[in-house]
Amino acid sequence: MEPLLSLRTFLSEVEKIDELSHVRGADWDLEIGAIAELSYRSPQPRALLFSEVRGYQTGRVLTGSTGSARRLGLTLRLGAEHTDESLVEALRGKTSEWATAAADFPVLPVSEAPLLANQVAGDINLLDFPVPRWHEHDGGRFIGTGCLVVTSDPVTGAHNGGCYRMEVQDDGRSVTIAAVPGKHGAQHIAAWFAREGRAPVTVSFGHDPLLLALGGTEVPLGVSELAYAGAVAGERVPVVIAPDTGLPIPAGSELAIEGWLRPGHTREEGPFGEWTGYYSGSRRSDLAMEIVRLYHRDDPILLGAPPGRPPHDYSYMRTVMKSAMIHDELVGTGVPGIVKAWAHEAGGGRLFVGVAIEQCYAGHARQVGHLTAQLPAASYLNRYVVVVDADIDPANLDQLIWAISTRTDPAEDIEIQRRTRGSRLDPMLPDGVPTHNSRAVIDACRPWERLHSFPRVAESDPAYLASIKERWAAVLD
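No experiment lies behind these values; they were computed from the predicted model shown. (Residues numbered from 1 in each chain as written. Predicted model: local features only at pLDDT ≥ 70, side-chain atom pairs only at ≥ 80, totals over all residues. Heavy atoms only, no water.)

(A) Structural context of the packing of aromatic side chains. One pass over the structure, following the stated rule, counts 3 aromatic pairs. Against the face of Trp-28 rests Arg-141, its NZ or CZ located 3.5 Å from the ring centre. Positioned above the aromatic ring of Trp-260 is the side chain of Arg-198, whose terminal nitrogen or guanidinium carbon lies 3.5 Å from the ring centre. (Phe/Tyr/Trp six-rings, centres within 6.5 Å; stacked < 30°, edge-to-face > 60°. Lys NZ or Arg CZ within 6 Å of the ring centre and 35° of its normal.)

In structure tokens, the structure reads:
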């Protein structure tokens, strides 16, 4: 029986809904990445399982795990029968519910797991497995794209699971961890450095994509992503306790390592094609992991989630999750009239957010816009927030642009927030400067004082259109 959060269990479910394709004989050097990229851009992107990778007798790579409403619905335990909008609606309220329930689902240590079939200590080579070079101008082979990096608070022992990019170093003997400054994992590492002079880490490279979804999302500080995953799944997550570091590894993992980070122990890494759609500048130093032990199943599967120009591997997943989280957080502020929020995939699920409201009072639209730009779920590298009336679907870019084009005076309706929370991944950020950015709040609602006198929209009544569509279906289909 497969452990909870086994990638193989997930793949069997994806096969049942006919959204998995098998690809045999692709090359690890660019070809896997290119095939995956073409799939992301197709009208119905599929999950792709690469096997018989050129030059390798063992090891497989999965891409596109969360790239459809049905697959993401399976991942989040919300069912497979979803559209984009129904999935966001089903997700609304769940994130806070799961965060609250996480305390009831502490990890479950176990002594047996398929992961323990093969253990290596000492002579470790990550390039024994088909680690792709995803993009043409990547600085190396990145094994960590869909990974889960587990760290801990040295005082409380609380775990964090983050998804950070990881480049293979030293001919496979080491790997860099590009933990994002300010994120919980980076805070843990800094605290360990100050307290002990080194930081323990475990990393899983293949697992149920639920851990990918949670590792790249703003789970509250102090809440373990593994406990949070247990709340989502409705049962405690079994883990192997790594003997050297004492940190958990999901028992359902395909391939995992444990080891240590030390101040000053770095390697040059990057560039890498990132979720903003650009390469991340020049090579730079990042902490390199001293790997003390490696574990893997027979014929392990690496969970690939390479970013790039949207749509990319996890841009759909981030759009759905962020849209639900932003909506929930807006409602949680107590501000009235929130109809719908949408974090657009074209902006990587972060850079461009639309919000629809029922205007309740003068200044309502600006209030919602400024709140949205600084919500915990939206503040990291947000660039544009557009607030529209309830007759506009903020998930529809054509409608959003129409509202901006016809309901704004640029001199009056665009406000700028300065020195806000940016990222070193921002292509507009020059090297060597603090990671601030600015963001625009665009009030694309009809002016409050003209709410009832603004020109009427030239379109038919929706109910009448529905009746016409039914009557003339043979002509219109």
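(B) Layout of the packing of helix 5 (residues 94-101) against helix 8 (residues 225-233). Two numbers describe how helix 5 lies on helix 8: the axes approach to 8 Å, and their chain directions differ by 115°. Helix 5 and helix 8 meet at a crossing whose hand is right-handed. Only Tyr-228, Ala-231 and Val-232 of helix 8 make contact with helix 5, whose side of the interface consists of Thr-95, Trp-98, Ala-99 and Ala-101. Here the residues of the contact of helix 5 with helix 8 are counted per class, giving 6 nonpolar, 1 polar and no charged. (Axes fitted to C-alpha atoms, helices over the stretch in contact; angles between N-to-C directions. Helix = DSSP H or I, 4+ residues; strand = E, 2+ residues; numbered from the N terminus. Left-handed = near helix turned anticlockwise from the far one by under 90°. Contact = heavy atoms within 4.5 Å. Nonpolar A, V, L, I, M, F, W, Y, C, P; charged D, E, K, R; others polar.)

(C) View of unusual backbone geometry. Residue Pro-271 is bonded to the preceding Gly-270 through a cis peptide linkage, with omega at -5°. Its location among the elements puts Pro-271 in the loop between strand 15 (266-269) and strand 16 (284-296). For the peptide bond that leads from Pro-310 to Pro-311, omega is 0°, which places it in the cis range. With a phi close to 50°, Glu-52 is a non-glycine residue in the positive phi region. Its location among the elements puts Glu-52 in the loop between strand 2 (47-51) and strand 3 (60-63).

(D) Structural detail: the pairing of strand 11 (residues 199-204). The element strand 11 is largely enclosed, with a buried count of 6 among its 6 residues. Side-chain alternation along strand 11 places Ala-199, Val-201 and Val-203 on one buried face and Pro-200, Thr-202 and Ser-204 on a second face that is also buried. Here 3 bridges tie strand 7 (residues 148-152) to strand 11, and the two strands are oriented antiparallel to one another. By the bridge assignment for strand 11, Val-149 is matched with Val-203. Bridge count between strand 11 and strand 14 (residues 255-261): 6 bridges; the pairing is antiparallel. (Buried < 20%, exposed > 50% of the residue type's maximum accessible area, 1.4 Å probe, protein only. Pairing = 2+ DSSP bridges.)

(E) Representation of the environment of Val-150 in the model. Residue position: Val-150 is located in strand 7. Judged by relative accessible area, Val-150 falls into the buried class, the value being 1%. The spatial distance from the C-alpha of Val-150 to the C-alpha of Glu-258 is 9.4 Å, given a sequence separation of 108 residues. The residues touching Val-150, leaving out its near neighbours within four places in the chain, are His-159, Asn-160, Pro-200, Val-201, Thr-202, Leu-247 and Pro-248.

(F) Fine view of the sheet that holds strand 12 (residues 238-241). If you trace the 3 strands from one edge of the open sheet to the other, you get 4-12-13, paired in mixed fashion. Because the sheet does not close on itself, it has two edges, and the strands there are strand 4 (108-109) and strand 13 (248-250). Direction of pairing for strand 4 relative to strand 12: parallel, over a ladder of 2 bridges. When the bridges of strand 12 are listed, Pro-109 appears paired with Val-239.

(G) Region of the structure containing the state of the cysteines. Within the structure shown, the criterion is met by 0 disulfides. Left unpaired, Cys-360 is separated from the closest cysteine sulfur, that of Cys-445, by 11 Å. Its relative accessible area of 40% is what places Cys-360 among the partly exposed residues. The exposure class assigned to Cys-445 is buried, which follows from its relative accessible area of 3%. (Disulfide = S-S within 2.5 Å.)

(H) Highlighting the environment of Ala-117. Within the secondary structure, Ala-117 sits in the loop between strand 4 and strand 5 (118-120). Measuring from C-alpha to C-alpha, the distance between Ala-117 and Tyr-295 comes to 7.6 Å, with 178 residues separating the pair along the chain. Other than its neighbours up to four places away in sequence, Ala-117 contacts His-296 and Asp-298.

(I) Representation of helix 5 within the structure. For helix 5, the set of buried residues is Thr-95, Trp-98 and Ala-99. All buried residues of helix 5 project into a common sector of 100° when viewed along the axis, lining one side. Buried residues belonging to helix 5 abut helix 4 (84-91), helix 8 and helix 9 (315-332). (Arc of directions from axis to C-beta.)

(J) Just the side chain of Ser-379, in detail. If you trace the backbone, Ser-379 turns up in the loop between helix 10 (364-374) and strand 20 (384-389). The residues touching Ser-379, leaving out its near neighbours within four places in the chain, are Ala-373, Gln-374, Arg-421 and Arg-439.

(K) Main features of the pattern of salt bridges. Counting across every chain of the model gives 35 salt bridges. Note that Glu-97 is salt-bridged to Lys-94, the shortest N-O span being 3.8 Å. On the criterion of helical spacing, the pair formed by Glu-97 and Lys-94 is a turn pair, its members being 3 residues apart in helix 5. Judged by its relative accessible area of 43%, Glu-97 falls in the partly exposed class. Judged by its relative accessible area of 24%, Lys-94 is partly exposed. Note that Arg-446 is salt-bridged to Asp-389, the shortest N-O span being 3.2 Å. Note that Arg-446 is positioned in the loop between strand 22 (436-443) and helix 13 (462-471) and Asp-389 in strand 20, a separation of 57 residues in sequence. In this structure, a network of salt bridges that share partners links the residues Glu-2, Arg-8, Glu-254 and Arg-297. (Salt bridge = Lys/Arg side-chain N within 4 Å of Asp/Glu carboxyl O.)

(L) How the structure looks around a nonpolar patch on the surface. Together, Trp-472, Val-475 and Leu-476 give the surface a local cluster of nonpolar side chains, amounting to about 330 Å² of exposed area. Inspection of the secondary structure assignment puts Val-475 in helix 14 (residues 473-476). (Patch = residues over 30% accessible without salt bridge, like charges linked within 9 Å, V, L, I, M, F, W, Y side chains within 5 Å. Areas by Shrake-Rupley, 256 points an atom, 1.4 Å probe, with all protein chains shown as cover.)

(M) Quick peek at the sheet that holds strand 21 (residues 414-421). The 5 strands are arranged 18-19-20-22-21 in an open sheet whose pairing can be described as mixed. Two strands close off the open sheet at either side, each with one partner strand: strand 18 (338-343) and strand 21. Along the sheet, successive strands turn relative to each other by an average axial angle of 20°, direction set aside. Both strand 21 and strand 22 contribute to a ladder of 6 bridges, which runs antiparallel. Residue pairing for strand 22: Glu-415 is matched across the bridge by Val-441. Of the strands in this sheet, strand 18, strand 19 (352-357), strand 20, strand 21 and strand 22 touch helix 10, which is tilted by about 155° from strand 22. Here helix 11 (residues 397-407) sits on the sheet and contacts strand 19, strand 20 and strand 22; the angle it forms with strand 20, its principal contact strand, is near 80°.

The analysis is restricted to geometry; functional conclusions fall outside its scope.
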